[in-house]
Amino acid sequence: MVRLIVDAARGSYPVIIGSEVHRELRNLVRRLDPSSAVIVTDSNVRPWAHRVAKAIKPSGVKPSIYVVPAGERSKSMTALHDVLAFFERQKIDRAGLVIAVGGGTVGDLAGFAASVWLRGIRVVAVPTTLLAMVDSSVGGKTGVNGVRSKNAIGTFWPPSAVVADMACLETLPPVNYRDAFAEVVKYGVAMDRGIFELLQKECERLRARDRRALERVVFRCVTAKALVVARDERERGPRAILNYGHTAGHALEAASRFRVSHGRAVAFGMRVAAKIALSLELCGPRLVEAQDALLTEYGLPDRSPAVDPARVLAAIEHDKKARRGRVAWVMPRRLGHAEPGHVVPAGVVRRFVRKALA
Ligand SMILES: NC(=O)c1ccc[n+]([C@@H]2O[C@H](COP(=O)([O-])OP(=O)(O)OC[C@H]3O[C@@H](n4cnc5c(N)ncnc54)[C@H](O)[C@@H]3O)[C@@H](O)[C@H]2O)c1
Ligand SMILES: [Zn+2]
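All values derive from a computational prediction rather than experimental measurement.

Counting its secondary structure elements, the protein contains 14 helices and eleven strands. Its C-alpha atoms give the protein a radius of gyration of 20 Å, within 12% of the compact-globule value 21 Å for 358 residues. Structurally, the protein occupies a C-alpha span of about 60 × 40 × 35 Å along its principal axes. Here the protein holds 358 residues, and 56% of them are scored as buried. Pairs at least 24 apart in sequence give 75% of the contacts found in the protein among residues at least 6 apart.

With that settled, the discussion passes to the sheet that holds strand 4 (residues 64–68). Ordered by their spatial adjacency, seven strands build an open sheet running 1-2-9-6-5-3-4, and the pairing between neighbours is mixed. Looking along the sheet, the strands with just one partner apiece sit at the ends: strand 1 (2–6) and strand 4. Strand-to-strand twist of the sheet, defined as the mean angle between neighbouring strand axes without regard to direction, takes the value 20°. Summarising the sheet, strand 1 and strand 2 (residues 13–18) pair through five bridges and their orientation is antiparallel. Its bridge partner being in strand 2, Val2 is matched across the sheet by Ile17. Docked against the sheet, helix 2 (residues 46–56) engages strand 3 (37–42), strand 4, strand 5 (97–102) and strand 6 (122–127), running at close to 160° with respect to strand 3. Lying over the sheet, helix 3 (residues 77–89) contacts strand 3, strand 4 and strand 5, oriented at roughly 165° with respect to strand 4.

Near ligand 1 you find 25 residues, and of these Glu72, Gly104, Thr105, Thr129 and Thr171 are the closest. For ligand 1, a nitrogen atom lies 2.9 Å from a polar atom in the side chain of Asp108. Between an oxygen atom of ligand 1 and a side-chain N or O atom of Lys150, the distance comes to 2.8 Å. Protein contact buries 84% of the 860 Å² of open area that ligand 1 shows by itself. Looking at the shell around ligand 1, the elements with two or more residues in it are helix 4 (104–116) and helix 5 (130–136). Residues of the shell around ligand 1, tallied by class, amount to seven nonpolar, ten polar and eight charged.

Right, let's talk about the domain arrangement of the protein for a bit. In terms of domains, the protein is made up of domain 1 (2–172) and domain 2 (175–356). Contacts between the two partners involve 29 residues from domain 1, matched on the other side by 27 residues from domain 2. Where domain 1 meets domain 2, there are four salt bridges. A salt bridge links Lys141 to Glu235; the nearest nitrogen and oxygen atoms lie 2.6 Å apart. When residues of the side of domain 1 that touches domain 2 are traced back to their parent elements, those giving at least two are strand 1, strand 2 and helix 5. For the side of domain 1 that touches domain 2, the element with the highest residue contribution is helix 5, accounting for six residues. For the side of domain 1 that touches domain 2, the per-class residue count stands at 18 nonpolar, five polar and six charged.

Right, let's talk about the pattern of salt bridges for a bit. Once their charged atoms are close, side chains differing in charge can pair, the charge on each being opposite to the other. Applying the stated criterion across every chain, the model contains 18 salt bridges. Across the pair Glu197 and Arg193 runs a salt bridge whose closest N-O atoms are separated by 2.8 Å. On the criterion of helical spacing, the pair formed by Glu197 and Arg193 is a turn pair, its members being four residues apart in helix 7 (residues 193–201). Assessed through its relative accessible area of 38%, Glu197 is described here as partly exposed.

For the pair helix 6 (residues 174–190) and helix 7, interaxial distance at closest approach is 6 Å and the crossing angle is 130°. Judged by the angle between their axes, helix 6 and helix 7 are oblique. Listed contacts from helix 7 to Phe181, Val184, Val185, Tyr187, Gly188 and Val189 of helix 6 are Arg193, Ile195, Phe196 and Leu199. For the contact of helix 6 with helix 7, the per-class residue count stands at eight nonpolar, one polar and one charged.

Procedures and definitions
Residues numbered from 1 in each chain as written. Chains lettered and ligands numbered in written order. Predicted model: local features only at pLDDT ≥ 70, side-chain atom pairs only at ≥ 80, totals over all residues. Heavy atoms only, no water. Helix = DSSP H or I, 4+ residues; strand = E, 2+ residues; numbered from the N terminus. Rg over C-alpha atoms; globule rule 2.2 N^0.38 Å. Buried < 20%, exposed > 50% of the residue type's maximum accessible area, 1.4 Å probe, protein only. Contact = heavy atoms within 4.5 Å. Pairing = 2+ DSSP bridges. Axes fitted to C-alpha atoms, helices over the stretch in contact; angles between N-to-C directions. Near = heavy atom within 4 Å. Polar contact = N/O pair within 3.5 Å; in protein donor to acceptor, adjacent residues only side chain to side chain. Areas by Shrake-Rupley, 256 points an atom, 1.4 Å probe, with all protein chains shown as cover. Nonpolar A, V, L, I, M, F, W, Y, C, P; charged D, E, K, R; others polar. Domains from an automatic or database assignment. Salt bridge = Lys/Arg side-chain N within 4 Å of Asp/Glu carboxyl O. Parallel < 35°, antiparallel > 145°, perpendicular 65-115°, else oblique.

Laid out in structure tokens, this is it:
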């Protein structure tokens, strides 16, 4: 088991990474000493929520459990309203605690609800997907989707603690597990060459969900994310590096009307970004080849999704991260190092997006 501390403007918080970490969870809740607690979870993760409730029982806290339907649709204003109504019925006061047990969907919804209930109460994240462990549970972004726009409504509300238990990953559906590796490869290419090498070396173990190997990967990804988030909590500058692969990736996701999953779209986005970087002589061919090979090894093959390139290009234009009409690309320079803020000529973008979808 390892513990690392993430700095946030509202105070730092621990991230505990291990296997079967019930005791740590119990001690943590004891230290937080809440007046009462609510576990927010989804219909697929309910057994893990019960495990968490049982684990913390000896601390004297008996949490109530609120279950939302599994899936992105629970990240809505309607679902938020229902969660808050539950808090109200349970008479959760300012010293109350929310425990989010689930993937990024539950984490974003429960974190948002905690941030606005009584102007903000504490939340502990127990991520149960690999994506939530390496990405969404750390950094303090919460929120729900607007009617048309993803993540449009939200807050910055860092958790009081994150407890990532590798045991949870055993029941995760294979597609969800595989997709998360797109984000892990992202950290390796854009921020930490050590992660890239770990992925190369431990491929077999990681594909078999070996807990020890997973702990190491999660630890390094959380460290990478924590370092940028500590410098730039509100995404005014350096945090943009986490968007590597997401410019073309988000565009593909939106253009496919979310038929292409986020992970596959980010893998596509990284392949496109690296090829653009190579053509602009920002990186060498070895990086492109190594990245492509690693993505393929983790089950994210270079198969072109059947999406109209014109729609993807239009979506890139609408990139919400576009500043004054310009899209800022994150470009890889060498393994483990990327740079945000690159403006890529429209003709180059067109050429590589069309080629990737041919
Ligand atoms: N806040 C952030 O910084 C941030 C960052 C990245 C992504 N996100 C958000 O995270 C969400 C995606 O997260 P996700 O990929 O974790 O999806 P998810 O939470 O929807 O989980 C995916 C599926 O797996 C199921 N599941 C979760 N854990 C399980 C387990 N241990 N065993 C069996 N089934 C399990 C869920 O019920 C769901 O059906 C998106 O809404 C995205 O916008 C937020
Ligand atoms: Zn992502």
